Amino acid sequence: MTNNKEDKKWFAVYVKSRNEKKVFKLLDDINIESFLPLITRVKLWSDRRKKVEEPLFRSYIFVKISLKDYYTVLNIPGVVKFVCFEKNPVPVPENQIVAIKQYINEDDLHDDINYNDFKEGEMVMIKFGQMKGLVGRFVKIKGKHRIIIEIEAVGQSLPVSISRSNVEAIKNEREMHQ
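Rules used in this analysis
Residues numbered from 1 in each chain as written. Predicted model: local features only at pLDDT ≥ 70, side-chain atom pairs only at ≥ 80, totals over all residues. Heavy atoms only, no water. Pairing = 2+ DSSP bridges. Helix = DSSP H or I, 4+ residues; strand = E, 2+ residues; numbered from the N terminus. Axes fitted to C-alpha atoms, helices over the stretch in contact; angles between N-to-C directions. Contact = heavy atoms within 4.5 Å. Buried < 20%, exposed > 50% of the residue type's maximum accessible area, 1.4 Å probe, protein only. Arc of directions from axis to C-beta. Polar contact = N/O pair within 3.5 Å; in protein donor to acceptor, adjacent residues only side chain to side chain. Phe/Tyr/Trp six-rings, centres within 6.5 Å; stacked < 30°, edge-to-face > 60°. Lys NZ or Arg CZ within 6 Å of the ring centre and 35° of its normal. Salt bridge = Lys/Arg side-chain N within 4 Å of Asp/Glu carboxyl O.

J.: Got a sec to walk through the sheet that holds strand β13 (residues 156–163)? Specific residues and values, please.
T.: Ordered in space as β13-β12-β11-β10-β14, the five strands form an open sheet in which the pairing is antiparallel. Here the strands that pair on one side only, and so sit at the sheet edges, are β13 and β14 (167–169). Geometrically, the sheet is characterised by an average inter-axis angle of 45 degrees between neighbouring strands, direction not taken into account. On the sheet, helix α3 (residues 94–105) packs against β12 (146–153) and β13 and is oriented at approximately 70 degrees with respect to β13.

Written as structure tokens, this is what we have:
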């Protein structure tokens, strides 16, 4: 049994409603690398307010496995199925996982003033940093040095805040696939 990192890929796993944290713990207990993106929200009740951590994508968890671990993950209580296309599990690109982590942590610190102005809806590519190569759609300007772009992850649009200087407009379709 090899633990070669090169043969492991990220996959999205659909889990029973409200079982995300339980499945995440069970995966951790058997040493399967997993990622459950959580965001903090303030919930209002009639008598109090409370901060709670909720999954960013309800009913989804990401696992980094080789295909030999496919059935191990499927047999975890609470796991329903892998996200598949034509009955094959679809790998999630590493840069999308990085983008989700960055969205949660908002830790992009490389701001500078060199940037292009973008038009709403324009396709852009991230040219620098951990998310290099990721393509998204420009949404809006956020402050002096940042912009919001939307990327596709698990069939949902995810807004990402990033330094303007790390993003470049895509001039033609060919640039999107480089």
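Anyway, onward from the coordinates.
J.: Quick one: what's the story with helix α1 (residues 20–29), residue by residue and with numbers?
T.: Among all positions of α1, only Glu20, Val23 and Leu27 are buried. The buried side chains of α1 occupy one side of the element, clustering within an arc of 70 degrees when seen end-on. Where α1 is buried, its residues meet β1 (9–15), β2 (33–35), β4 (49–55), β5 (60–65), α2 (70–74) and β6 (79–82). A positive phi of about 60 degrees marks Asn31, the residue just after α1.

J.: Go over the environment of Ser157 with me, naming the residues and quoting the values.
T.: Along the polypeptide, Ser157 turns up in strand β13. Considered as a pair, Ser157 and Gly136 are 21 residues apart in the sequence and their alpha carbons are 9.3 Å apart. Ignoring anything within four residues of it in the chain, the contact list for Ser157 reads Glu150, Ile151 and Glu152. In terms of polar contacts, Ser157 uses its side chain to reach the side chain of Glu152, at 2.9 Å.

J.: Can you tell me about unusual backbone geometry, naming the residues and giving the values?
T.: A positive phi angle, near 60 degrees, is found at Asn31, a position not held by glycine. Considering the arrangement of structural elements, one finds Asn31 in the loop between α1 and β2. For Asn31, a relative accessible area of 71% puts it in the exposed group. Of note, the phi angle at Ser59 is positive, near 70 degrees, even though the residue is not glycine. Along the chain, Ser59 falls in the loop between β4 and β5.

J.: I'd like to hear about the pairing of β1, residue by residue, with values.
T.: Most of β1 sits out of view: five of its seven residues are buried. The pairing of β1 with β5 spans six bridges and is classified as antiparallel. Residue pairing for β5: Lys9 is matched across the bridge by Ile65. Relative to strand β9 (residues 91–92), β1 runs antiparallel, the two being bridged by two bridges. Note that in β9 the partner of Trp10 across the bridge is Val92. Direction of pairing for β1 relative to β6: antiparallel, over a ladder of three bridges. Across the sheet, the residue bridging to Val15 is Val79, located in β6.

J.: Mind laying out the packing of aromatic side chains, listing which residues take part and the relevant values?
T.: Evaluated as defined, the whole model comprises six aromatic pairs. Among the aromatic residues, those joined into a ring-pair cluster are Phe11, Tyr70, Tyr71 and Phe82. Here the guanidinium or amino end of Lys101 rests over the ring plane of Phe35, the centre of that ring lying 5.1 Å away.

J.: Residues and numbers for the pattern of salt bridges, please.
T.: According to the stated counting rule, one finds six salt bridges in the structure shown. Arg58 serves as the salt-bridge partner of Glu54, at 3.4 Å between the closest nitrogen and oxygen. Overall, the relative accessible area of 9% leaves Glu54 in the buried class. Note that Asp69 is salt-bridged to Lys68, the shortest N-O span being 3.6 Å. Judged by its relative accessible area of 17%, Asp69 falls in the buried class.

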